[in-house]
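Geometric and topological summary
Listed below, chain by chain, are the residues.
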Amino acid sequence: IRRPPRSTPSNSSAASDVYKRQLQELADDFSLEYRKMFISKTLDMVVEEKDNGFLCGYTQNYIRVKIFEKVPLGNIVKVKIERVEKDNTFATLCG
């Protein structure tokens, strides 16, 4: 009778890393597809911080959005989602 090989810490660690990477890729894909559903939609966004010339904040759907317009931090503004990329969602100010 043969016993299954014991998992060594390096084997289980490598498998765990692969599993984590696959889960992250799946989460990234779901995030991208979810955010694409809002292209051309108008959402409320709380302006929270400046980042490389953009103002960033979150919508009521917890989507992190970047706008180029100047708005005081802390304001709630209406934005139109224009473009979605793997790591970014860009919008323009409405009105």
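Before any of the text, the structure's been laid out above.
Starting afresh in each chain, residues are numbered from 1 along the sequence in its written order. Restriction of local features to residues with pLDDT of at least 70 applies here, the model being predicted, together with a cutoff of 80 or more for giving and counting side-chain atom pairs; totals for whole chains, interfaces and linings are based on all residues. As a convention, hydrogens and water are excluded, and side-chain values are obtained from all of the structure's heavy atoms.

1. Some remarks on the overall build of the protein
For clarity, the cut-off: Runs of H or I in DSSP of at least four residues are treated as helices and runs of E of at least two as strands, each being numbered from the N terminus. Here the radius of gyration uses the C-alpha set of atoms, whereas the globule reference equals 2.2 Å times the residue count to the power 0.38. Burial here depends on accessible area, computed with a 1.4 Å probe over protein chains only, as a share of the maximum for the residue type. Under 20% is buried, over 50% is exposed, and the range in between is partly exposed. Pairs of residues are marked as contacts when any of their non-hydrogen atoms sit within 4.5 Å. All accessible areas in this document rest on Shrake-Rupley with a 1.4 Å probe, and a residue is counted as covered only by the protein chains that are shown. Under the convention used here, Asp and Glu are negative, Lys and Arg are positive, and both His and the chain ends fall outside the count. We put the charge of a Lys on NZ, of an Arg on CZ, of an Asp on CG and of a Glu on CD.
Regarding its fold elements, the protein presents one helix and five strands. Its C-alpha atoms give the protein a radius of gyration of 20 Å, clearly above 12 Å, the size a compact globule of 95 residues would have. Counting only C-alpha atoms, the protein reaches 75 × 25 × 20 Å along its principal axes. Here the protein, with 95 residues, has 23% of them falling under the buried criterion. A sequence separation of at least 24 residues applies to 44% of the contacts in the protein between residues at least 6 apart. About 7200 Å² of surface is accessible on the protein, with carbon and sulfur atoms providing 54% of the total. Across the protein, the 16 positively charged side chains and the 13 negatively charged ones have centroids separated by 7 Å.

2. What about the side chain of T59?
Along the chain, T59 turns up in strand β2 (residues 54-59). For T59, the contacting residues outside a window of four places in its chain are L43, D44, M45 and V65.

3. Let's talk about the nonpolar core
This is how the line gets drawn: For this analysis, a nonpolar core means a set of buried residues of the types Ala, Val, Leu, Ile, Met, Phe, Trp, Tyr and Cys, connected via side-chain atoms within 4.5 Å.
Formed by 15 residues in total, the largest nonpolar core has its most connected members in M45, V65, I67 and I81. At the level of elements, β1 (42-51), β3 (64-67) and β4 (76-84) are the ones that each hand at least two residues to this core. Per element, the largest residue contribution to this core is four residues, and it comes from β4.

4. Observations regarding the environment of G74
Assignment of secondary structure puts G74 in the loop between β3 and β4. Judged by relative accessible area, G74 falls into the exposed class, the value being 54%. In this structure, the C-alpha to C-alpha distance between G74 and T89, residues 15 residues apart in sequence, is 19 Å.

5. A short note on a nonpolar patch on the surface
Selection criterion: Each patch is built from residues lacking any salt bridge and having more than 30% relative accessible area; the joining distance is 9 Å for like charges and 5 Å for nonpolar side chains (Val, Leu, Ile, Met, Phe, Trp, Tyr). Whenever Lys or Arg places a side-chain nitrogen within 4 Å of a carboxyl oxygen from Asp or Glu, that contact is recorded as a salt bridge.
Together, Y19, L23, L26 and F30 make up an exposed nonpolar region whose accessible area comes to about 440 Å². Summarising the element assignment, L23 is placed in helix α1 (residues 9-36). Take L23: its relative accessible area is 41%, and that puts it in the partly exposed class.

6. A closer look at the pairing of β3
To be explicit about the condition: Two strands qualify as a pair provided that DSSP identifies no fewer than 2 bridges between them.
Alignment of β2 against β3, held across four bridges, turns out to be antiparallel. Counterpart to L55 in the pairing with β3 is I67. A loop of four residues connects β2 with β3, the two strands running antiparallel in sequence, and Y62 in this loop sits at a positive phi of about 65°.

7. Some thoughts on the side chain of R35
The cut-off we apply is this: N or O atoms closer than or at 3.5 Å make up a polar contact, with two conditions inside protein: a donor-capable atom paired with an acceptor-capable one, and, for residues adjacent in sequence, both atoms drawn from side chains.
Here R35 shows up in helix α1. In this structure, R35 is buried with no salt-bridge partner, the nearest side chain bearing the opposite charge being D87 at 6.2 Å. Within polar-contact distance, the side chain of R35 engages the backbone oxygen of K86 at 2.9 Å. In this structure, R35 is in contact with I63, V84, E85, K86, N88 and T89, ignoring residues within four places of it in sequence.

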